[in-house]
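Here's the letter readout for the chains.
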Amino acid sequence: MLVHSAGDKPHECPECGKRFIKLRYMKSHRRVHPGVKPYDCAECGKAFSSLSHIKRHRVMHTGDKPHECPECGKKFSRLEHMKRHRLVHTGDTAFERAECKRRSTEHGKIIRHIIVHSDDKSLG
């Protein structure tokens, strides 16, 4: 059984004291702690906890919209937005309210519909 000593793991998490062999392992681990956001946007200063989140955010500054709807040519910065948009062309609706048969491609719109038409105002 291989056991590491503190000298084998020189990189210590400042939040919890856990030690790591490589600095990148410790940096990755730090994101499990609430409020740790090591990735700063150079444009606006907003901080993010993961590299994927800051990459998604940067598109806001560049205006890049690489995902194009094959039906109408409308462009989107995020693939999931283009996929949701395509439902407009197919007529498919992913969400339906059983009581009134109201249909939507977006879950949030159905929830808002339920709240607006509900007698129970505590939902909103």
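Cut-off values and rules
- Residues numbered from 1 in each chain as written.
- Predicted model: local features only at pLDDT ≥ 70, side-chain atom pairs only at ≥ 80, totals over all residues.
- Heavy atoms only, no water.
- Helix = DSSP H or I, 4+ residues; strand = E, 2+ residues; numbered from the N terminus.
- Polar contact = N/O pair within 3.5 Å; in protein donor to acceptor, adjacent residues only side chain to side chain.
- Expected span 1.5 Å × (residues − 1).
- Disulfide = S-S within 2.5 Å.
- Buried < 20%, exposed > 50% of the residue type's maximum accessible area, 1.4 Å probe, protein only.
- Salt bridge = Lys/Arg side-chain N within 4 Å of Asp/Glu carboxyl O.

### Some points on the side chain of His 33
Link 1 in the chain: Of note, His 33 is situated in the loop between α1 (23–30) and β3 (39–40).
Link 2 in the chain: Side chain to side chain, His 33 and His 29 meet in a polar contact 3.3 Å long.

### Concerning helix α3 (residues 79–90)
Link 1 in the chain: In a regular helix each residue adds 1.5 Å, so 12 residues correspond to 16 Å; α3 covers 17 Å between its end C-alpha atoms and thus fits that length.
Link 2 in the chain: Gly 91 lies just past α3 and shows a positive phi near 80°.

### So, the state of the cysteines
Link 1 in the chain: Here the structure, examined in full by the defined rule, presents 0 disulfides.
Link 2 in the chain: Take Cys 13: it sits in no disulfide, and the sulfur closest to it among the cysteines is that of Cys 16, at 3.8 Å.
Link 3 in the chain: You can call Cys 16 partly exposed: its relative accessible area is 42%.

### Some words on the environment of Lys 74
Link 1 in the chain: Here Lys 74 shows up in the loop between β5 (67–68) and β6 (75–76).
Link 2 in the chain: The class of Lys 74 is partly exposed, set by a relative accessible area of 46%.
Link 3 in the chain: On a C-alpha basis, the gap between Lys 74 and Arg 86 in space is 9.8 Å, while along the polypeptide they are 12 residues apart.

### Considerations on the pattern of salt bridges
Link 1 in the chain: On inspection of all chains with the given rule, the structure shows 4 salt bridges.
Link 2 in the chain: For Glu 71, the salt bridge goes to Arg 86, with nearest N and O atoms at 3.0 Å. Linking Glu 71 in the loop between β5 and β6 with Arg 86 in helix α3, this pair joins segments that are 15 residues apart in sequence.

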